[in-house]
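Letter by letter, the chains look like this.
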Amino acid sequence: MELKNDGKIKLNIPLAAEWKDGELYLLDQTKLPTEVIIEKQETAQQVWDSIKVLKVRGAPAIGIAGAYGLLVAIKQQQNLSTSDFINYIKKQAEYLDSSRPTAVNLSWALNRMLNKAKSFSSLSSHDIYARLEKEAISIHEEDIECCHSIGRNGAPLIENGMGVLTHCNAGSLAVSELGTALAPMYVAHSQNKKFKIYADETRPLLQGARLTSWELFEAGLDVTLICDNMAAHFMSKGHIQLIIVGTDRVAANGDVANKIGTLGVAILADYYKIPFYVACPFSTIDLNTPTGADIPIEQRDPAEVTHFAQKRVAPQNVSVGNPAFDVTPNRLVKGFITEKGIINPPYVETLKNTFG
Ligand code: MRU
């Protein structure tokens, strides 16, 4: 980890998504931490699969991958008439959006691209493509700025000697760079604060073990990996004074969808009177979804639960539940760490006033 001349932190790990010379490259996060593989994305179907199987994952990162993925999907169709091209963009955006339902960043980014295309309906298809490339780059650059601001706004919450718990991966690998939940930790570390981070392993797909502990460890932060069912123990022993998680969608009333297991962490935090914060950029706040009950929850393949490291650990044909996310009610959220500062309750008003 190093500080650049502009005061921003640079982590020495690969980026989740990169747009280089008109091509999209995604880091295959399913192979981390043992292998670092970066794949060029050649077709819409490849991008769809990369999002579905979590080669790229984390709400802001799939928004960025979706925006660039749309360019991959439409690149070869620039010979179409403008109206056919816009219809084609709409179909491809719907297709990419069908890869994952919960993180609002994906549909947000694709809608933004589609609306941009529609606003240029007097231009040629070639010019529309050029404008859309600029738009995707803006979505990416805005996320970078948001993450650094979230880091600066959240760092004052972290004090010397604290234990900070996080769940899943809301770090650099889940966004453009730096992270949301992990950004305040990187900034606090750059300010020479001494604190410990506890990373829940995050069953079933182990984003905490494979990704969070890896990126924090690589950056030289003091991280301790724990199994999900150890969080209560560490809280009860007084090891944890602060919790920061990311989110896939914040409803208008402040209910929060995040990786399965987050709700349990929030309930424990309430019991042990530990402040529970959620870090996110504006693109994750969905004022069109009234409450958490209205957020679609992705159901994933039972094999993710019945198997561990490709090995069966459950009886064949046993019934399995595998919701990828749960919803934490707003009253358990102490505040939202955003690029616009920390947002406090009552969320129906404060979220609307800040992001409406
Ligand atoms: O299924 P995943 O790995 O995409 O889930 C990711 C999370 O739940 C993150 O906490 C969330 O997207 C926030 S990322 C900054």
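My aim in this report is to walk through the structure given alongside it, one point at a time. As the structure is a computational prediction, the values presented were derived from the model and not from experiment.

1. A look at the packing of helix H2 (residues 59-74) against helix H5 (residues 125-154)
(1) Moving on: Close contact between H2 and H5 brings their axes to 10 Å; oriented N to C, the two are set at 165°. Accordingly, the angle class assigned to the pair H2 and H5 is roughly antiparallel. The handedness of the crossing between H2 and H5 comes out as left-handed. Of the residues in H5, those touching H2 at Pro60, Ile64, Ala67, Tyr68, Leu71 and Ile74 are Tyr129, Leu132, Glu133, Ala136, Ile137, Ile139, His140 and Asp143.
(2) Moving on: Looking at side-chain class alone, the contact of H2 with H5 contains eleven nonpolar, one polar and two charged residues.

2. Description of the packing of H5 against helix H6 (residues 183-190)
(1) Moving on: One way to put it is that H5 packs onto H6 with a least axis distance of 7 Å and a crossing angle of 65°. Crossing of H5 over H6 shows right-handed handedness. In this structure, H5 contributes Cys147, Ile150, Gly151, Arg152 and Gly154 to the contact, and H6 contributes Ala183, Pro184 and Val187.
(2) Moving on: Its residues assigned to classes, the contact of H5 with H6 comprises five nonpolar, two polar and one charged.

3. Some points on the site of the ligand
(1) Moving on: Residues in close proximity to the ligand total 18 residues, the closest being Arg57, Ala59, Arg100, Asn258 and Lys259.
(2) Moving on: Measuring from an oxygen atom of the ligand, one finds a side-chain N or O atom of Arg100 at 2.7 Å.
(3) Moving on: In this structure, Lys259 approaches the ligand through a side-chain N or O atom, which is 2.7 Å from an oxygen atom.
(4) Moving on: Computed on the free molecule, the ligand has an accessible area of 420 Å², of which 100% lies beneath the protein chains in the complex.
(5) Moving on: In this structure, the ligand is accommodated by the largest cavity.
(6) Moving on: Mapped by element, the contributors of at least two residues to the shell around the ligand are H2 and strand E11 (256-259).
(7) Moving on: Split by residue class, the shell around the ligand holds seven nonpolar, seven polar and four charged.
(8) Moving on: Each of domain 1 (2-148) and domain 2 (157-355) contributes no fewer than three residues to the shell around the ligand.

4. So, the packing of aromatic side chains
Each aromatic ring pair is characterised by the separation of its centres together with the angle its planes make.
(1) Moving on: Here the structure, examined in full by the defined rule, presents six aromatic pairs.
(2) Moving on: Relative to Tyr95, the ring of Trp48 has its centre 6.0 Å away and its plane inclined at 15°; by these criteria the two rings are stacked. Taken together, the positions of Trp48 in helix H1 (residues 44-52) and Tyr95 in helix H3 (residues 82-97) put the pair 47 residues apart, joining distant regions of the chain.
(3) Moving on: Take Tyr95: its relative accessible area is 30%, and that puts it in the partly exposed class.
(4) Moving on: Measuring from ring centre to ring centre gives 5.2 Å for Tyr198 and Phe234, while their planes differ by 40°; the resulting arrangement is tilted. Taken together, the residues Tyr198 in strand E7 (residues 196-200) and Phe234 in helix H8 (residues 231-236) connect sequence positions 36 residues apart.
(5) Moving on: Since its relative accessible area comes to 5%, Tyr198 is described here as buried.
(6) Moving on: Residue Phe234 is classed as buried on the basis of its relative accessible area, which comes to 17%.
(7) Moving on: Taking the ring centre of Phe325 as reference, the NZ or CZ of Lys259 above it sits at 4.3 Å.

5. Points about empty space enclosed by the protein
(1) Moving on: For the structure shown, the criterion picks out four cavities of 30 Å³ or more.
(2) Moving on: Lining the largest cavity we find 24 residues, and of these Arg57, Gly58, Ala59, Asn169 and Asp248 sit closest to its centre.
(3) Moving on: When residues of the lining of the largest cavity are traced back to their parent elements, those giving at least two are H2 and E11.
(4) Moving on: Grouping the amino acids of the lining of the largest cavity by side-chain chemistry returns eleven nonpolar, nine polar and four charged.
(5) Moving on: Among the domains, domain 1 (2-148) and domain 2 (157-355) are the pair contributing at least three residues each to the lining of the largest cavity.
(6) Moving on: Its volume calculated, the second largest cavity comes out at about 60 Å³.

6. Description of the pattern of salt bridges
Side chains that carry opposite charge are capable of pairing whenever their charged atoms lie near each other.
(1) Moving on: Summed over the entire model, instances satisfying the criterion amount to 13 salt bridges.
(2) Moving on: In this structure, the salt-bridge partner of Glu145 is Lys8, at a minimum N-O distance of 2.6 Å. Here Glu145 is found in helix H5, whereas its partner Lys8 is found in the loop between strand E1 (2-3) and strand E2 (9-10), with 137 residues between them in sequence.
(3) Moving on: When its relative accessible area of 40% is taken as the criterion, Glu145 is described as partly exposed.
(4) Moving on: Residue class for Lys8 comes out buried when judged on its relative accessible area of 14%.
(5) Moving on: Among the salt bridges present, the one from Lys40 reaches Glu23, with a minimum N-O distance of 3.8 Å. Of the two residues, Lys40 is situated in strand E5 (residues 38-41) and Glu23 in strand E4 (residues 23-27); the sequence distance between them amounts to 17 residues.

7. What about the pairing of strand E17 (residues 335-338)?
(1) Moving on: Covered by surrounding structure in E17 are Gly335 and Ile337 together with Phe336 and Thr338, the residues of both alternating faces.
(2) Moving on: As paired elements, strand E12 (residues 276-279) and E17 share three bridges and run parallel to each other. Looking at E17, one finds that Tyr277 is bridged to Gly335.
(3) Moving on: Both E17 and strand E18 (residues 341-343) contribute to a ladder of three bridges, which runs antiparallel. Residue pairing in the sheet places Thr338 in a bridge with Gly341 of E18.
(4) Moving on: Between the antiparallel neighbours E17 and E18 lie two residues.

Definitions and cut-offs
- Residues numbered from 1 in each chain as written.
- Predicted model: local features only at pLDDT ≥ 70, side-chain atom pairs only at ≥ 80, totals over all residues.
- Heavy atoms only, no water.
- Axes fitted to C-alpha atoms, helices over the stretch in contact; angles between N-to-C directions.
- Helix = DSSP H or I, 4+ residues; strand = E, 2+ residues; numbered from the N terminus.
- Parallel < 35°, antiparallel > 145°, perpendicular 65-115°, else oblique.
- Left-handed = near helix turned anticlockwise from the far one by under 90°.
- Contact = heavy atoms within 4.5 Å.
- Nonpolar A, V, L, I, M, F, W, Y, C, P; charged D, E, K, R; others polar.
- Near = heavy atom within 4 Å.
- Polar contact = N/O pair within 3.5 Å; in protein donor to acceptor, adjacent residues only side chain to side chain.
- Areas by Shrake-Rupley, 256 points an atom, 1.4 Å probe, with all protein chains shown as cover.
- 1 Å grid on protein atoms, 1.4 Å probe; cavity = no way out; pocket = protein on both sides within 12 Å on 5 of 7 lines; lining within 4 Å.
- Sits in = over half its atoms within 2 Å of the grid points.
- Domains from an automatic or database assignment.
- Phe/Tyr/Trp six-rings, centres within 6.5 Å; stacked < 30°, edge-to-face > 60°.
- Buried < 20%, exposed > 50% of the residue type's maximum accessible area, 1.4 Å probe, protein only.
- Lys NZ or Arg CZ within 6 Å of the ring centre and 35° of its normal.
- Points joined across faces, edges and corners; volume = space filled by probe spheres on them.
- Salt bridge = Lys/Arg side-chain N within 4 Å of Asp/Glu carboxyl O.
- Pairing = 2+ DSSP bridges.

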